[in-house]
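Structural characterization, general
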Amino acid sequence: LLINSFMRLRSVNPGFRTDNLLTMSVALPQQKYPDQARRSAFYTDMIRRVEALPGVRSAGVTNWIPLVSQGDSIGVTIEGQPAPTGKPHIVMTRVVSPRYFGTMGIQLIEGRVFEDGRDRADSPCVVVVGEAVARRYWPNESALGKRVSPGRVETEDDWCQVVGVVKDVKQVDLTAEPRPQMYMTYEQAGFFAPRHLVVKTEGDPLALATTVRKTVWEVDR
């Protein structure tokens, strides 16, 4: 029974790929990085340096890699969708960098993912959603172009436009159905700061661990 259960888990598609993938914890101290601008500058510099290393295909950051934590869910407002009585729409939110999806092998279904130089802090807010969100809130139409807001809507600037839909990721448990998921860029989301670095390598990821660590320290030891 144990072996059969293990084999079933191995056949589950988690929505991401782990081959040639190196992950590291990179949590910034609040005292030194108290605001979003300083945090964004660190992540941008760090990712640029890591991706320039020989043997690295791509790199990205996220507040939580899959199967590490089930936290960081927020209440959102869905345009045209009344919230359940007394409860907001709850969506698991991941704050990521543009190439996080490609690095993790998360499949794009519709639209686009985030782009460097296009989805900046001073650009219109955009989000990428998982399949479960698209099915739940826009079951008979495309989610592209729809608007959601982290929290309550007080001004038009609070709205974020859906620009892409990706395959659901099993963030919590391989045996559980994926929860509704939404992604925002670290440049536009002032909450849930990234704390994990993910690196896609050409060969053995552990062979690059020391080099990547030193590269992070070059930005801030």
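Summary of the structure given here.

1. Some details on the overall build of the chain
- Counting secondary structure elements, the chain contains five helices and ten strands.
- In terms of C-alpha radius of gyration, the chain reaches 18 Å, essentially the compact-globule figure of 17 Å for 221 residues.
- Each principal axis of the C-alpha distribution contributes one length, and for the chain these read about 50 × 50 × 30 Å.
- Across the 221 residues in the chain, those meeting the buried criterion constitute 45%.
- Summarising the internal contacts of the chain: among those between residues at least 6 apart in sequence, 75% fall at separations of at least 24.
- Element-wise, carbon and sulfur atoms account for 51% of the exposed surface of the chain, whose accessible area totals about 11,700 Å².
- Taken as two groups, the 28 positive and 25 negative side-chain charges of the chain have centres that lie 6 Å from each other.

2. A few points about the side chain of Thr62
- By the secondary structure assignment, Thr62 is in strand β2 (residues 56–62).
- The class for Thr62 is buried, based on a relative accessible area of 0%.
- Reaching out from Thr62, the side chain makes a polar contact with the side chain of Asn63 at a distance of 3.4 Å.
- At a separation of 3.3 Å, a polar atom in the side chain of Thr62 contacts the main-chain carbonyl oxygen of Trp64.
- If sequence neighbours within four positions are ignored, Thr62 has contacts with Arg94, Val95, Val96, Tyr100, Pro194, Arg195 and His196.

3. Comments concerning the pattern of salt bridges
- If you walk through the whole model with that rule in mind, you get 18 salt bridges.
- Its salt-bridge partner being Lys32, residue Asp220 comes within 3.0 Å of it at the nearest N-O pair. Of this pair, Asp220 sits in the segment after α5 (209–219) while Lys32 sits in the loop between β1 (21–25) and α2 (36–51), and the two are 188 residues apart along the sequence.
- Judged by relative accessible area, which is 21%, Asp220 ranks as partly exposed.
- In this structure, Arg118 and Glu115 form a salt bridge, with 3.3 Å as the shortest nitrogen-oxygen distance.
- Taken together, the salt bridges that share partners define one network made up of Asp45, Arg48, Arg49 and Glu218.

Cut-offs applied
- Residues numbered from 1 in each chain as written.
- Predicted model: local features only at pLDDT ≥ 70, side-chain atom pairs only at ≥ 80, totals over all residues.
- Heavy atoms only, no water.
- Helix = DSSP H or I, 4+ residues; strand = E, 2+ residues; numbered from the N terminus.
- Rg over C-alpha atoms; globule rule 2.2 N^0.38 Å.
- Buried < 20%, exposed > 50% of the residue type's maximum accessible area, 1.4 Å probe, protein only.
- Contact = heavy atoms within 4.5 Å.
- Areas by Shrake-Rupley, 256 points an atom, 1.4 Å probe, with all protein chains shown as cover.
- Lys, Arg positive; Asp, Glu negative; His and termini not counted.
- Charge placed at Lys NZ, Arg CZ, Asp CG, Glu CD.
- Polar contact = N/O pair within 3.5 Å; in protein donor to acceptor, adjacent residues only side chain to side chain.
- Salt bridge = Lys/Arg side-chain N within 4 Å of Asp/Glu carboxyl O.

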